[in-house]
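One letter stands for each residue in the lines below.
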Amino acid sequence: MPTVTEILETMDYGPAPEATAEVDKWLRAHGPFGHFIDGAFVPGSEYFAVYNPASGTELAQVAQGSDTDVQAAVAAARAALPGWSALPGHDRARWLYAIARGIQKRERFFAVLETLDNGKTIRETRDIDVPLVARHFYHHAGWAEMLAEEFPGHRPVGVCGQIIPWNFPLLMLAWKIAPALAAGNTVVLKPAEYTPLTALAFAEMLAEIGLPKGVVNIVTGDGATGAALVAADVDKIAFTGSTEVGRIIRRATAGTGKKLTLELGGKSPFIVCADADLDAAVEGVVDAIWFNQGQICCAGSRILVQESVETAFTAKLKARLAKLRVGDPLDKSTDMGAIVDPVQLARIRDLVAQGEAEGATLHQAQCALPQTGSFFAPGFFTNVAPANIVAQEEIFGPVATLTTFRTPDEAVELANNTRYGLAGSVWSENINLALDLASQVKAGVLWINCTNVFDAGAGFGGYRESGFGREGGREGMLAYLSDPAVAVRQETAPIPPDTAPHPDAPAIATGIDRTAKLYIGGAQKRPDSGYSYAVVAGGHTLGLAGLGNRKDIRNAVEAAHAAKGWGKATGHNRAQVLYFLAENLAQREAEFARRLAEAGVPDAAEEVAVSIRRAFYYAAQADKFDGAVHSTKTANVTLAMPEPFGVMGIASPADAPLLGFLSLVLPAIAMGNRVVAVPSQNMPLAATDLYQVFETSDLPGGVVNIVTGARDELAKTLAQHDDVVALWYSGPSARMVEEESAGNLKSTWIVANRNWLGSEGQGRGFLLRATQIKNIWVPYGE
């Protein structure tokens, strides 16, 4: 018999298989699985096979959802919506509590079924996935209880279409369904075609506990079923999956008014500083990239190691890699299970082969893989050029890249050299350094000296092409609530810019030519087109405004990027500038009111007065709108930090030419963004008159850039621009703006025209839209 020391050296444990008898009996008893619609299982017209990825054997036949099935599910959800949303929060909380208890009573069953269906190890499903599922329903039972108090004026979105991936089937279901139900919505959920079985078992559990019919509906199928759900009569789409499919959904939902949450791909950095605990960091890599076979959107797939410790760290990583056990996922001693499907396994193999062909060196575990099933040995690449495909593309498998950096600044530059921005982790014993790096990495979730830590109390979601919106925590609840109602006003029709003379509209007899240039980088610039257009109102030509074009937008975006110091300034410093701006505008209040009156603007004096008050309001908010410390796992401080997007585009309403412009620009810059703003097409001079106010208020050049001209043409250019991160648009062309924004998946807000003079024209809702939440996990203690 081997000694304990020998066992620890070889890691050669005996088999410890998990029994599957109960799950096998359940599968045999159900036969072909239909859809769960209106509280009951209904048969499908076609079926497809679901396989165990560890063995290749068939587990079940599952219905392929058709357009008719999706429409029936949506109709059931729509019928259930009035009753469910009208329930007091306490009553919905009791249902969510019942679901959480139901999950806990069936924990082992769900864990085994998930392992059979997905291929991940029983240790992960038993100890991580299923307990987190229950946690999400418990947590959101609390939000249901407190909804009216915590979110006054908010309403349920309505019927939510939810499409989840195959890497965390049951956990992703909980992430989606729990907040939706807590907020008073009803749901149609489509699980991934590879892994639908735990969703169907969950549906059976809902029927057992008596959840009202139609509140949750589950339709199984492939991508065609998902496309039918996106096109259906739903009020929101929540999607977790690939960036490519996210783009398709963004375009498909453009202009429909459907609320959209996208949680997409990632290429997350894993930064190891010279002073890090290297042994802990190596274990972190195990959790970052070899956890769940690397099939995780926030996998730490880009390991960045400080040069001075590269040799030591790489040696430790190779030694740990050699000890990983790959095999039967039902064996409790297995570290890594099976890849979900042969199609995914082939993709991993192809990308790894391309990486080697492009010059990278692969270090791979020399382990004996099972003869059947979809298995891939874990590993990592060194000698990886920045342009190598494995450095750029999401492999979604158990393979990382390892590169070095010299200084913390270089680490940040490398970390942000990606189109994604989902997550990252920083390893350092110097908490000041770790927090500094975490604040600079452009990602929605940062872990310090840990990785892949999740909790229902903290938001999860990305920046850039990793999507927008959050799931979990307070910010995740907002994704399933509609903003307080706004009385929408019909906008005055924009007047097409006309460069021809207007003899029928003589200039106002001031004797002074009034020709406004563009305002870019803190200076007045002539438009690239060389043309100006007449601003006509009340039968008079008030002046000329530059006719901006695509190149002017490009120059303005460059100027905005150059003003990045504004986002690093303290809220107090930004507040001082905005207070000064309000003071200087007040000094010219009578002049602005007179000019607005000449333009025929109703309530001109009041519009200027409210503009001044609005500047004071956002100056006050600049250092008051802050984050939170989420209550998550023990021995963790989880910081929810609102961060500016960076460079935002703003297309202003035609009405309220001064106030409408400032009502959108001020909250954006108060939060640290820099803006490229298109003022009212009909009366741009109200905004261009602000140039001198900006210049005398110590507003840094490039923080506000103004390009006048045809609003929709310029908004289209802003929507297409990959260096514009967010876009607010007020106007009738919502579909165009949202379609064109899909290139870099920028966050968009279609701002309804409203009574800009009233309370609807300002508030925390504007500040929420001007920021994105970064959650930073900081463990403490031993």
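Criteria and thresholds
- Residues numbered from 1 in each chain as written.
- Predicted model: local features only at pLDDT ≥ 70, side-chain atom pairs only at ≥ 80, totals over all residues.
- Heavy atoms only, no water.
- Disulfide = S-S within 2.5 Å.
- Buried < 20%, exposed > 50% of the residue type's maximum accessible area, 1.4 Å probe, protein only.
- Helix = DSSP H or I, 4+ residues; strand = E, 2+ residues; numbered from the N terminus.
- Pairing = 2+ DSSP bridges.
- Right-handed = clockwise from strand over helix to strand, strands pointing away.
- 1 Å grid on protein atoms, 1.4 Å probe; cavity = no way out; pocket = protein on both sides within 12 Å on 5 of 7 lines; lining within 4 Å.
- Points joined across faces, edges and corners; volume = space filled by probe spheres on them.
- Nonpolar A, V, L, I, M, F, W, Y, C, P; charged D, E, K, R; others polar.
- Expected span 1.5 Å × (residues − 1).
- Bend = angle between axes of the 7 residues up to and from the residue.

Student: Mind laying out the state of the cysteines, listing which residues take part and the relevant values?
Tutor: Simply put, the disulfide is a covalent bond whose two ends are the sulfur atoms of two cysteines. Inspection of the entire model under this criterion finds zero disulfides. The thiol sulfur of cysteine 298 is not disulfide-bonded, and the nearest other cysteine sulfur, from cysteine 297, lies at 4.8 Å.

Student: Hey, could you go over the pairing of strand E9 (residues 236-240) for me, with residue numbers and the actual values?
Tutor: Looking along a regular strand, one sees side chains alternate from face to face of the sheet. For E9, a buried count of five out of five residues is recorded, marking the element as mostly surrounded by other parts of the structure. Both faces of E9 are covered, namely the face carrying Lys236, Ala238 and Thr240 and the face carrying Ile237 and Phe239. The pairing of strand E6 (residues 159-163) with E9 spans four bridges and is classified as parallel. Looking at E9, one finds that glutamine 162 is bridged to alanine 238. When E9 meets strand E10 (residues 259-263), the two strands line up parallel, connected through five bridges. Looking at the pairing, phenylalanine 239 lines up with leucine 262 of E10. The handedness of the E9 to E10 crossover, carried by helix H10 (residues 243-253), is right-handed.

Student: Can you tell me about the sheet that holds strand E20 (residues 515-516), naming the residues and giving the values?
Tutor: Spatially, the three strands line up as an open sheet ordered E20-E24-E23, and their pairing is mixed. Only two strands of the sheet have a single partner each, and these edge strands are E20 and strand E23 (532-537). As judged from the two bridges shared by E20 and strand E24 (residues 540-546), these two strands associate in the parallel manner. Looking at the pairing, alanine 516 lines up with alanine 545 of E24.

Student: Describe empty space enclosed by the protein, with residues and values.
Tutor: Applying the stated criterion across every chain, the model contains five cavities of 30 Å³ or more. In this structure, the largest cavity is lined by Asn167, Phe168, Leu171, Met172, Trp175, Glu263, Ile296, Cys297, Cys298, Phe454 and Phe460. It is helix H7 (residues 169-182) that contributes the most residues to the lining of the largest cavity, three residues altogether. For the lining of the largest cavity, a count of residues per class yields nine nonpolar, one polar and one charged.

Student: Which residues make up helix H8 (residues 197-209), and what values do they have?
Tutor: Since one α-helical turn is 3.6 residues long, residues separated by three or four positions face the same way. With 13 residues, H8 extends 19 Å from end C-alpha to end C-alpha; this agrees with the ideal 18 Å at 1.5 Å per step. Among all positions in H8, only Leu197, Thr198, Ala199, Leu200, Ala201, Phe202, Ala203, Met205 and Leu206 are buried. Downstream of H8 by one or two residues, glycine 210 has phi in the positive range, about 85°.

Student: So what's going on with helix H3 (residues 67-86)? Residues and values would help.
Tutor: The first and last C-alpha atoms of H3 sit 29 Å apart over 20 residues, in line with the 28 Å expected at 1.5 Å per residue. Within H3, the axis deviates most sharply at alanine 80, by approximately 40°, and proline proline 82 lies no more than four positions further along. Burial in H3 covers these residues: Asp69, Val70, Ala73, Val74, Ala76, Ala77, Ala80, Leu81 and Trp84.

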